[in-house]
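Structural features, examined
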Amino acid sequence: MEDITIVFDNGALVRIPAFVLTLASPVFSKMLSQEMKEKRTNEIKLPGKCPEEFKVLLDFLQPATGRLQKISDENVDFLRHWCDEYCIQSLHGECIEYIKVQPPSVQRVVQAYCAGLHDYVEKHVDNLLKNGEKKWSLCYKYPELVQKVLERSMNRMEVLRPKGHVHKTGSLVF
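Attention here is on the structure that accompanies the text.

1. Remarks on the packing of helix 5 (residues 76-86) against helix 6 (residues 89-101)
Running from amino to carboxyl end, helix 5 crosses helix 6 at an angle of 145 degrees, the nearest separation of the two axes being 9 Å. Between helix 5 and helix 6 lies a crossing of left-handed hand. Seen from helix 5, the contacting residues are V76, L79, R80, C83 and D84; seen from helix 6, they are L91, H92, C95, I96, Y98 and I99. Considered class by class, the residues forming the contact of helix 5 with helix 6 number 8 nonpolar, 1 polar and 2 charged.

So, in C-alpha cells, the structure goes:
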C-alpha cells in the first residue's frame, strides 16, 4: 500500500503511509481497500476535522512512536471522539482507562458521562457532592447529566436531613 494524503478544510495536508490508518481503523481500511473514491485518488478528505488533533492521533498510531505517546487531560476528549468515529478500539480503550484512574472532578464526570461510564458518573458525583463541590457548570450542556447531579444532590439532602417529625405546634421533634 502506498502513501495517502489527508486533506483538511483549512488546506492543511498530511501525507502518511496508508497502512498506518488501515491497521488501526476498519473505517479507514474500508475507504482504502474497496473501490471507493479515497482508494482511487489516494486522498481522504476530513471536512470539519482539526489537523492538529489528527497529527496527535497519528502519533499514537505510528508503529515507531505510538508507545511513547501519553494520554492526558489535554488530548483524551478529542482522541476518544476520533476513536469513536473511526472505530479505533485499542486507543479508545486506553482513553477510557485514563478517565477511570484520574482523580474525580466535574470535568472527569463529564468525560465519563460522554463515554457512557454510568457507574463512574454516579460514584464520583456522590463523592464530589460529599466533598462540597458546588461548580457544576461544565455539566450544563448535558441535561441528563444535570438531572443525575440534581437527583444525587436530593438523595444526599434526604440522607443528611435530621430524622424527626413536626409537632402540632410546628416545631421539629426528634
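2. What about the packing of aromatic side chains?
Following the criterion strictly, the structure yields 5 aromatic pairs and no others. Ring centres of F54 and W82 lie 5.5 Å apart, and the angle between their planes is 50 degrees; on these two criteria the pair is classed as tilted. Residue F54 is located in helix 4 (residues 51-61), and its partner W82 is located in helix 5; the two are separated by 28 residues in the primary sequence. Residue F54 shares its accessibility class with W82, and that shared class is buried. Each ring, one from W82 and one from Y86, has its centre 5.7 Å from the other, and the planes form 25 degrees; the classification is stacked. Taken together, the positions of W82 and Y86, both in helix 5 and 4 residues apart, correspond to about one turn of that helix. The buried category is assigned to W82, whose relative accessible area is 3%.

3. Examining a nonpolar patch on the surface
Nonpolar side chains collect at one region of the surface, where L150, M154 and M157 lie side by side and expose about 320 Å² of accessible area between them. As for its placement among the helices and strands, M157 is situated in helix 9 (residues 143-160).

4. Quick word on the sheet that holds strand 2 (residues 13-17)
In spatial order, the strands read 2-1-3; together these 3 strands make up an open sheet with mixed pairing. Looking along the sheet, the strands with just one partner apiece sit at the ends: strand 2 and strand 3 (43-46). Along the sheet, successive strands turn relative to each other by an average axial angle of 25 degrees, direction set aside. Strand direction decides the pairing type here: strand 1 (residues 3-8) and strand 3, joined by 4 bridges, are parallel. Looking across to strand 3, one finds that I6 is bridged to I44. Along the sheet face, helix 4 touches strand 1, strand 2 and strand 3 and points at about 15 degrees away from the line of strand 2.

Conventions and cut-offs
Residues numbered from 1 in each chain as written. Predicted model: local features only at pLDDT ≥ 70, side-chain atom pairs only at ≥ 80, totals over all residues. Heavy atoms only, no water. Axes fitted to C-alpha atoms, helices over the stretch in contact; angles between N-to-C directions. Helix = DSSP H or I, 4+ residues; strand = E, 2+ residues; numbered from the N terminus. Left-handed = near helix turned anticlockwise from the far one by under 90°. Contact = heavy atoms within 4.5 Å. Nonpolar A, V, L, I, M, F, W, Y, C, P; charged D, E, K, R; others polar. Phe/Tyr/Trp six-rings, centres within 6.5 Å; stacked < 30°, edge-to-face > 60°. Buried < 20%, exposed > 50% of the residue type's maximum accessible area, 1.4 Å probe, protein only. Patch = residues over 30% accessible without salt bridge, like charges linked within 9 Å, V, L, I, M, F, W, Y side chains within 5 Å. Areas by Shrake-Rupley, 256 points an atom, 1.4 Å probe, with all protein chains shown as cover. Salt bridge = Lys/Arg side-chain N within 4 Å of Asp/Glu carboxyl O. Pairing = 2+ DSSP bridges.

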